[in-house]
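# Breakdown of the fold
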There are 2 protein chains.
Amino acid sequence: MSKIEEKCKEKGVRLTDQRKIIAKVISDSKQTFGSKDHPDVDELHKRATLIDKKISIATVYRTIKLFEESGILIRHDFKEGKSRYEPTTEEHHNHLIDINSGEIVEFVDKEVEELQNKIAQKLGYKLVDHKLELYGSKIKKN
Amino acid sequence: MSKIEEKCKEKGVRLTDQRKIIAKVISDSKQTFGSKDHPDVDELHKRATLIDKKISIATVYRTIKLFEESGILIRHDFKEGKSRYEPTTEEHHNHLIDINSGEIVEFVDKEVEELQNKIAQKLGYKLVDHKLELYGSKIKKN
DNA sequence: AAAATATTTAAACTAATTATAAATATTAAG
DNA sequence: CTTAATATTTATAATTAGTTTAAATATTTT
C-alpha cells in the first residue's frame, strides 16, 4: 500500500479504485522520477490511464482537489500556467525551477524558514503559508 | 503626466488614449490606494471605464501585456487564480498577502535577498528571478 | 489628403478547471 | 442478502481567465 493510501485512511478519505490509482501515480512520481518530477493534471491523467484506461480527467481533477484539501498532496502554481503536484512531505521544502528545462530542484533551508517567520511577525501577522521559488539557469563548469 | 506614461516614452511604446487611461489607473493604484492595492484585470477595467466607458476588456488585457513586456508593470500570480498588477518599482520587494482580506503588505528584506543568491549558487544555478510570498492572518493586539 | 500601418472593439475562441445530470458503485437498514 | 439511501464516476456542459480575429477606427507616413 502506498504512503498516500495510508494517509487517506488516516484522514478518513474513502478509497475507490480510481483514487487508489491516482494515489499510486502520485506516490510513484516521487519514487521513480525523483524530485525533478511534479506532474500536472494531464500528466497524472495520462499515467493513470496506463493502469485503467477508462478513468476520466474529471475524476483526476476531483481527486486531486480532495487530496489537496486533506493535506495529502501539495499543489504548486509555478510561472507556467498549469498547476503541478507532489505528495506532501514531512519536511517543508522550497523549489528552484530551471528556466531552460523546467526541471525542479528541491531544497530545504532552515535560515530561510526562520527569517520568514520573523518577517511575518514583525509585520503583525501570523504566518500561515509561504512560497519561495527561485528561477535560475544552470552554471556550466569548465 | 504619470510615471508610467514617462516610461512608455522611454521604451518607445506609443501612447493611445486608452493606454493613457490604463496607465493612469495603474499609476493611481499605488498613489491613492497605497501598497495594499494590486488590482486585477477586472478591477483595472472597472476603473478605466469610469474615465472612458467605451474601453473594452480586450484592450485592457492587451495593454497590460504590452506594459508587462516593456517592464512597465509587474504581474503577480498569488494563490487566488487571477493575476494582479502593480507599477514597476525601483526596488525589488516581496509580498505578504492577508489570507482573510486579500490585502497586501509589501516588504523589503536584504537578508532574504542575499540568502536566495547564496542558495541558488550552492545548487549550481545563476539566479534569474525569484518569488517570495508570505500568506498570513493579522495578529490582534489586546 | 490619400495610402500604409497600428490599435481598438466586439465577438469568437482556447485552455484549465468546475459543475451537472445520469449511470454506477458502495454502504446501511431491514 | 436485497432494497433503499448515499457517494462516486463518467461524459458532457458550463465557467473563468486570457488570447485571437476580423472589421472598424485612429494614427502616421508620404
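Residues numbered from 1 in each chain as written. Chains lettered and ligands numbered in written order. Predicted model: local features only at pLDDT ≥ 70, side-chain atom pairs only at ≥ 80, totals over all residues. Heavy atoms only, no water.

### Some remarks on the packing of aromatic side chains
- As enumerated under the stated definition, the model contains zero aromatic pairs over all chains in all.
- Directly above the aromatic system of Tyr135 of chain B lies the positively charged group of Lys79 of chain B, at a separation of 5.6 Å from the ring centroid. (Phe/Tyr/Trp six-rings, centres within 6.5 Å; stacked < 30°, edge-to-face > 60°. Lys NZ or Arg CZ within 6 Å of the ring centre and 35° of its normal.)

### A few points about the nonpolar core
- If you look at the biggest cluster of nonpolar residues, it comprises 21 residues, and the most contacted ones within it are Leu134 of chain A together with Leu96 and Leu134 of chain B.
- Those elements that provide at least two residues to this core are helix H5 (110-122) and strand E5 (125-138) of chain A together with strand E4 (104-107), helix H5 (110-122) and strand E5 (125-138) of chain B. (Core = buried A, V, L, I, M, F, W, Y, C linked by side-chain atoms within 4.5 Å. Buried < 20%, exposed > 50% of the residue type's maximum accessible area, 1.4 Å probe, protein only. Helix = DSSP H or I, 4+ residues; strand = E, 2+ residues; numbered from the N terminus.)

### Observations regarding the protein's contact with DNA strand D
- Around DNA strand D, the surrounding shell holds 15 residues, and the nearest of these are Thr16, Gln18, Thr59 and Arg62 of chain A together with Lys82 of chain B.
- Sugar and phosphate atoms constitute 80% of the interface atoms of DNA strand D, taking the interface as everything within 4 Å of the protein.
- At 2.8 Å from a sugar or linking oxygen of DNA strand D is found a side-chain nitrogen or oxygen belonging to Gln18 of chain A.
- In the model, a phosphate oxygen of DNA strand D is placed 3.3 Å from a nitrogen or oxygen of the Arg62 of chain A side chain.
- Secondary-structure elements contributing two or more residues to the surface near DNA strand D are helix H2 (17-33) and helix H4 (57-69) of chain A together with helix H4 (57-69) of chain B.
- Among the elements that line the surface near DNA strand D, the one with the most residues is H4 of chain B, at three residues.
- Looking at the surface near DNA strand D residue by residue, the class counts come to three nonpolar, five polar and seven charged. (Near = heavy atom within 4 Å. Polar contact = N/O pair within 3.5 Å; in protein donor to acceptor, adjacent residues only side chain to side chain. Nonpolar A, V, L, I, M, F, W, Y, C, P; charged D, E, K, R; others polar.)

### Side note on the side chain of Ser83 of chain A
Residue and element names in this part refer to chain A.
- Structurally, Ser83 can be placed in the loop between strand E1 (73-76) and strand E2 (84-87).
- Side chain to side chain, Ser83 and Asp77 meet in a polar contact 2.5 Å long.
- Discounting residues that sit within four places of it in the chain, Ser83 has contacts with Asp40, Val41, Arg75, His76 and Asp77. (Contact = heavy atoms within 4.5 Å.)

### What about the interface of chain A and chain B?
- Between chain A and chain B, the residue contacts involve 32 residues of the former and 32 residues of the latter.
- In total, chain A and chain B occlude about 3100 Å² of area from one another, counting both sides; carbon and sulfur atoms represent 66% of this.
- Looking only at chain A, the three residues that lose the most surface to chain B are Leu115, Tyr125 and Lys131 of chain A, adding up to 22% of its buried area.
- At the boundary of chain A with chain B, the tally comes to three salt bridges.
- Of the charged contacts in the structure, one is a salt bridge between Lys79 of chain B and Asp129 of chain A, with a shortest N-O distance of 3.3 Å.
- For the interface between chain A and chain B, the tally reads 13 residue pairs in polar contact (both at pLDDT 80 or more).
- Elements supplying a minimum of two residues to the side of chain A that touches chain B: strand E3 (94-98), strand E4 (104-107), H5 and E5 of chain A.
- Among the elements that line the side of chain A that touches chain B, the one with the most residues is E5 of chain A, at 14 residues.
- Partitioned by chemical class, the residues of the side of chain A that touches chain B number 16 nonpolar, five polar and eleven charged. (Buried area = accessible area lost by both parts, 1.4 Å probe. Salt bridge = Lys/Arg side-chain N within 4 Å of Asp/Glu carboxyl O.)

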